[in-house]
Amino acid sequence: PYSVKHGIDGGAATTCGENFDPVNLQLQYTGTTDPIVWSYGVKWEESEEKWAARWDIYLNIADTEIHWFSIINSVMIAFFLSGILAAIMLRTLLRDIARYNAIEDADDLHDEIGWKLVHADVFRPPQHKGLLACYVGTGVQLLGMCFTVLIMA
């Protein structure tokens, strides 16, 4: 690895500050036991800006135009995906209802097919109740914060 060749005097770099020339950097090879001097520079400039108004430049939005295309696009995608989901579920339900109506024999009614397979699992408690509660709680909190930010914005 290479480092900038600094002069060290009492633990401080003598080549930093006013003496530092970023154009003519001298590099040195650093071995495993050589000290590496870490440095950074800060230049403080006094400003006439009031402390309370320092974020105004970032918080004041000059472009207040509503992006209608983006909003309409998002709503249309949500409706499209909801329609696809509704079509899939409707097709599955209609197929199951047609299958139930086609049963003529009373003995065939005891066979469990389609939605009858999951009727006993509806009220069964989950295996990891605590983990489910954490995920649901976090999701509700995140959803609530998203709505709050959208309302406040």
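Owing to the predicted nature of the structure, the values given are computational and were not obtained by experimental measurement.

1. So, the overall build of the protein
Scanning the protein from terminus to terminus reveals three helices and four strands. In sequence order, the secondary structure elements of the protein are arranged as β-β-β-β-α-α-α. Scored against the burial criterion, the 153 residues of the protein give a buried share of 3%. Approximately 14,700 Å² of the protein is accessible, and the part contributed by carbon and sulfur atoms is 64%.

2. As for the packing of aromatic side chains
Remark: the centre distance and the inter-plane angle together describe each pair of aromatic rings, the angle taken between the planes. As enumerated under the stated definition, the model contains zero aromatic pairs in all. When the ring centre of Trp51 is taken as origin, the NZ or CZ atom of Arg54, which lies over that ring, is 3.9 Å away.

3. Section: a nonpolar patch on the surface
On the surface, a nonpolar cluster with roughly 760 Å² of combined accessible area is contributed by Ile66, Trp68, Ile71, Ile72, Val75, Met76 and Phe79. Here Ile72 shows up in helix 2 (residues 68–101).

4. Comments concerning the confidence of the model for the protein
As a note on interpretation, predicted positions should not be read in detail where pLDDT is low. This prediction gives the protein a mean pLDDT of 79; 69% of its residues lie at or above 70. Of all the helices and strands in the protein, strand 1 (residues 2–4) carries the lowest mean pLDDT, 66, while helix 2 carries the highest, 91.

What counts and how
- Residues numbered from 1 in each chain as written.
- Predicted model: local features only at pLDDT ≥ 70, side-chain atom pairs only at ≥ 80, totals over all residues.
- Heavy atoms only, no water.
- Helix = DSSP H or I, 4+ residues; strand = E, 2+ residues; numbered from the N terminus.
- Buried < 20%, exposed > 50% of the residue type's maximum accessible area, 1.4 Å probe, protein only.
- Areas by Shrake-Rupley, 256 points an atom, 1.4 Å probe, with all protein chains shown as cover.
- Phe/Tyr/Trp six-rings, centres within 6.5 Å; stacked < 30°, edge-to-face > 60°.
- Lys NZ or Arg CZ within 6 Å of the ring centre and 35° of its normal.
- Patch = residues over 30% accessible without salt bridge, like charges linked within 9 Å, V, L, I, M, F, W, Y side chains within 5 Å.
- Salt bridge = Lys/Arg side-chain N within 4 Å of Asp/Glu carboxyl O.
- pLDDT = per-residue confidence, 0-100.

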